[in-house]
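# A look at the structure
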Amino acid sequence: MNSGAQATFRLERGATGFRHQNDPPLPSTDLRACRAAWYDAARTADGDVDGFAERECSRNFHTATLTNRHGPHTALFHAHHPLVAFVATTAHEYTDEFQEPPAWSAVLSASGFAVLSAAQLLSPLTPAATSALSPAELHEITYWQPPTVGATLFNSWD
């Protein structure tokens, strides 16, 4: 692969948070592990946790905030896979608001979470990226038409 090419980020089954009623249950990210990792991150960032909001009805992600000397930081923890994204502010849904993770986010990786880059999250949704998804998830993607991998991973579809 040439140095300018980037491998496609492949979404795993359950990435959208949807399944058909006959499909096996989706995996679940341990909420306690998310909270513990976020508190570790706050200590590493020399910051204070401002909040950790468990996912709501249609959201497939938890939201965490902390503030340090560089200002506020907001992370999204995927509810079904150990994935983390950073955004500027808390919102109900995201399309292109993803940011590069701060250096201190390596502590989240050390806790078992994949911290996603802005480039990964902002990459367009391609057939290669969605090849592992279930028919129910592909149906939702056709309906909602998310423009990016990040908008697919961190959604508030109902």
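The structure reproduced in this document is the subject of the present report.

Definitions and cut-offs
- Residues numbered from 1 in each chain as written.
- Predicted model: local features only at pLDDT ≥ 70, side-chain atom pairs only at ≥ 80, totals over all residues.
- Heavy atoms only, no water.
- Salt bridge = Lys/Arg side-chain N within 4 Å of Asp/Glu carboxyl O.
- Buried < 20%, exposed > 50% of the residue type's maximum accessible area, 1.4 Å probe, protein only.
- Helix = DSSP H or I, 4+ residues; strand = E, 2+ residues; numbered from the N terminus.
- Pairing = 2+ DSSP bridges.
- Core = buried A, V, L, I, M, F, W, Y, C linked by side-chain atoms within 4.5 Å.
- Contact = heavy atoms within 4.5 Å.
- Polar contact = N/O pair within 3.5 Å; in protein donor to acceptor, adjacent residues only side chain to side chain.

### A look at the pattern of salt bridges
One pass over the structure, following the stated rule, counts three salt bridges. In this structure, Arg10 and Glu12 form a salt bridge, with 3.4 Å as the shortest nitrogen-oxygen distance. Taking relative accessible area as the criterion, Glu12 reaches 38% and is therefore assigned partly exposed. A salt bridge links Asp30 to Arg32; the nearest nitrogen and oxygen atoms lie 3.9 Å apart. The partly exposed category is assigned to Asp30, whose relative accessible area is 40%.

### Regarding the pairing of strand S3 (residues 71–78)
Buried residues dominate S3, accounting for seven of its eight residues. For strand S2 (residues 61–68) and S3, the ladder comprises eight bridges, and the chain directions are antiparallel. Bridging across to S3, Phe61 finds its partner in His78. Direction of pairing for S3 relative to strand S4 (residues 83–87): antiparallel, over a ladder of four bridges. Bridging across to S4, Phe77 finds its partner in Val84.

### So, the nonpolar core
Core analysis: the largest hydrophobic core is formed by 19 residues, its most contacted members being Leu76, Phe98, Leu153 and Phe154. Listing elements by their share of this core, those giving two or more residues are S4 and helix H5 (149–153). With three residues, S4 is the single largest residue contributor to this core. In this structure, Leu76 is in contact with Phe61, His62, Thr63, Leu83, Val84, Ala85, Val87, Tyr94, Phe98 and Phe154, ignoring residues within four places of it in sequence.

### Observations concerning unusual backbone geometry
With a phi close to 55°, Asp46 is a non-glycine residue in the positive phi region. Topologically, Asp46 is positioned in the loop between helix H1 (31–44) and strand S1 (48–53). Looking at Asp46, the relative accessible area reads 61%, which means it is exposed. Although it is not a glycine, Gln145 sits at a positive phi angle of roughly 50°. Topologically, Gln145 is positioned in the loop between helix H4 (135–144) and H5.

### Quick word on the side chain of His80
With respect to the secondary-structure elements, His80 resides in the loop between S3 and S4. A distance of 2.8 Å separates the side chain of His80 from the backbone oxygen of Pro27, its partner in a polar contact. Discounting chain neighbours no more than four positions away, the residues touching His80 are Gly14, Gly17, Leu26, Pro27, Ser28, Thr29, Arg55 and Asn60.

### Comments concerning the environment of Leu26
Positionally, Leu26 belongs in the segment before H1. On a C-alpha basis, the gap between Leu26 and Ser131 in space is 17 Å, while along the polypeptide they are 105 residues apart. What Leu26 contacts, discounting residues up to four positions off in sequence, is Gly14, Gly17, Phe18, Arg19 and His80.

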